Amino acid sequence: MPVITEIEDLKRIYRRRVPKMFYDYCESGSWSEQTFRENSSDFDKLYLRQRVAVDMAGRSTKTQMIGQDVEMPVALAPVGLTGMQHFDGEIKAAKAAEKFGVPFCLSTMSICSIEDVAENSNAPFWMQVYTLKDDDFMQRLFDRAKDAKCSAAVITVDLQLLGQRHKDLKNGLSAPPKLTPQSVANMMTKVHWGLGMLQTKRRFFGNIVGHAQGVEDASSLSSWTAEAFDQSLNWDRIREFRKMWDGPLIIKGIMDPRDALEACNVGADAIIVSNHGGRQLDGAISSIRALEQIMDAVGDKIEVHLDSGVRSGQDVLKAVAMGAKGCWIGRAYVYGLGAMGEAGVTKALEVIHKELDMSMALSGHTDITTVDKDILMIPKDFSNEWR
């Protein structure tokens, strides 16, 4: 394994090894990509206070997310098409998360199915669902998650419409992908990736093909995805989904204090402050900027997590200091997966953990559960002075 000291090292290897179509799918946002960029760059506006002459021995990053013990306040976020970044990608990511001691969340739009992941891992994982029109499919999806002993469900509420991602359109990236002569030629140059894909039978959307009505193969998937998402979604509809799932529930895609309060009212156990990694409403503020006002609005009424833009342990530390109980990483672990499979996901987690552990200590804390805003220097206009 090459020397990996930061997530950016994994990203460089990932870019070389994975077809452009799937690299661009991961490394892009909607429209001008302003929100995509600022999700990461806004973390740089928060400064850490260095403290000295503090006993740094006996450090611990262990905490809980929705009552589940975790080695650090990080979960692997649901990412569609992960099994196209590396063969059996969802299974490999779940195994790495299990061994490290952090949660893994499977996307509805995964290549490996719920059953595939359950069969190949021992720790309970979390299941993400979209807000779809088909009640029968939704109920069966929740039931399948329960049968697989998933310990939480995550409802994504910010994808009734698909934000335009220019790179995906130009690359023919859709469900299923539309191969072009250019994309096929590029795939042929990715020998390691291609040999891996030849080894697996899992190349289509395992949670949908053979489970959604009328979707028996990849050719019938396109029309289903065009019609499946519920553009009439409202909070009453989310209450209906809550009745379909009686376990811990997390709502992902909250960016406004008013929506955070609505999530409290529908019986969610946690919310994720997230703008879908900058892939939906371009021009929205970054998740880290939105976090403080949401924390002020909900207080202790609900557990709050943060997603979008997290690329380092310092980002995790800053989000926790601002009040988040945990952070979700998507691109950071996908870089590792595409670069080196399960070992790459493990390396991504190790990098983030080391940065978190050392930065926490140098900020004067030995226990992640004691970290608060005192370790931060926050600009006056960071989150509270919008007109």
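Each remark here, short or long, concerns the structure printed above.
A brief report on the enclosed structure follows. (Residues numbered from 1 in each chain as written. Predicted model: local features only at pLDDT ≥ 70, side-chain atom pairs only at ≥ 80, totals over all residues. Heavy atoms only, no water.)

**Topic: the overall build of the chain**
Along its length, the chain carries 16 helices and 12 strands. The C-alpha atoms of the chain give a radius of gyration of 20 Å, which matches the 21 Å a tight globule of 387 residues would have. Taking the principal axes of the C-alpha coordinates as reference, the chain spans close to 60 × 50 × 40 Å. Counting all 387 residues of the chain, 58% fall into the buried class. In the chain, once contacts between residues fewer than 6 apart in sequence are set aside, the share between residues at least 24 apart is 74%. When the accessible area of the chain is evaluated, it comes to approximately 16,700 Å², of which 50% is carbon and sulfur surface. One way to put it: in the chain the 46 positive side-chain charges average out to a point 5 Å from where the 52 negative ones average out. (Helix = DSSP H or I, 4+ residues; strand = E, 2+ residues; numbered from the N terminus. Rg over C-alpha atoms; globule rule 2.2 N^0.38 Å. Buried < 20%, exposed > 50% of the residue type's maximum accessible area, 1.4 Å probe, protein only. Contact = heavy atoms within 4.5 Å. Areas by Shrake-Rupley, 256 points an atom, 1.4 Å probe, with all protein chains shown as cover. Lys, Arg positive; Asp, Glu negative; His and termini not counted. Charge placed at Lys NZ, Arg CZ, Asp CG, Glu CD.)

**Considerations on the pattern of salt bridges**
Enumeration over the complete set of coordinates arrives at 24 salt bridges. Between E6 and R12 there is a salt bridge whose closest N-O contact spans 3.9 Å. (Salt bridge = Lys/Arg side-chain N within 4 Å of Asp/Glu carboxyl O.)

**A look at the nonpolar core**
Membership of the largest hydrophobic core comes to 116 residues, with the highest contact counts inside it found for F104 and I251. If you tally residues by element for this core, the top one is helix α16 (residues 331-362), at 14 residues. Residue contacts for I251: discarding those within four places in its chain leaves I155, V157, W235, I238, A263, V266, A268, A270, I271 and I272. Residues M65, I66, A75 and I272 belong to the second largest nonpolar core, which totals 13 residues. (Core = buried A, V, L, I, M, F, W, Y, C linked by side-chain atoms within 4.5 Å.)

**Some details on the pairing of strand β7 (residues 152-156)**
Of all 5 residues making up β7, 5 are buried, and the element is well covered by its neighbours. The two faces of β7 match: A152, V154 and T156 on one face and A153 and I155 on the other face are all buried. Across 5 bridges, the pairing between strand β6 (residues 126-130) and β7 is parallel. Bridge pairing in β7 places M127 opposite A153. The parallel pair β6 and β7 is bridged by helix α7 (residues 135-147), and the resulting crossover is right-handed. Note that β7 and strand β8 (residues 249-254) share 4 bridges and pair parallel. When the bridges of β8 are listed, A153 appears paired with L249. (Pairing = 2+ DSSP bridges. Right-handed = clockwise from strand over helix to strand, strands pointing away.)

**Things to note about the sheet that holds β6**
Taking strand neighbours across the sheet as the criterion, the 8 strands line up as β4-β11-β10-β9-β8-β7-β6-β5 in an open arrangement whose pairing is parallel. Looking along the sheet, the strands with just one partner apiece sit at the ends: β4 (74-76) and β5 (105-106). Here β5 runs beside β6; their pairing, made up of 2 bridges, is parallel. Paired with C105 across the bridge in β6 is W126. Across the sheet, α7 touches β6 and β7, and the angle it forms with β6 is around 175°. (Axes fitted to C-alpha atoms, helices over the stretch in contact; angles between N-to-C directions.)

**Side note on the packing of α7 against helix α12 (residues 235-244)**
Where α7 meets α12, the closest approach of the two axes is 9 Å, and the angle between their N-to-C directions is 40°. As summarised for this structure, α7 and α12 are arranged oblique, according to the angle between their axes. Both α7 and α12 take part in a crossing whose hand is right-handed. For the pair formed by α7 and α12, the contact residues are D135, M138, Q139 and F142 on the first element and R237, F241 and M244 on the second. Residues that form the contact of α7 with α12 fall into these classes: 4 nonpolar, 1 polar and 2 charged. (Parallel < 35°, antiparallel > 145°, perpendicular 65-115°, else oblique. Left-handed = near helix turned anticlockwise from the far one by under 90°. Nonpolar A, V, L, I, M, F, W, Y, C, P; charged D, E, K, R; others polar.)

**Things to note about the packing of aromatic side chains**
Per the counting criterion, the structure on display carries 7 aromatic pairs. With a centroid separation of 5.3 Å and an interplanar angle of 45°, the aromatic rings of Y14 and Y23 are classed as tilted. With 6.0 Å between their ring centres and 35° between their planes, F142 and W245 make a pair best called tilted. Of this pair, F142 sits in helix α7 while W245 sits in the loop between α12 and β8; the two residues are 103 residues apart in sequence, bridging distant segments of the chain. For F142, a relative accessible area of 1% corresponds to the buried category. In this structure W245 comes out as buried when scored by relative accessible area, which is 3%. Following the ring pairs from residue to residue traces out a cluster consisting of Y14, Y23 and Y335. (Phe/Tyr/Trp six-rings, centres within 6.5 Å; stacked < 30°, edge-to-face > 60°.)

Any link to function would need more than the numbers given here.
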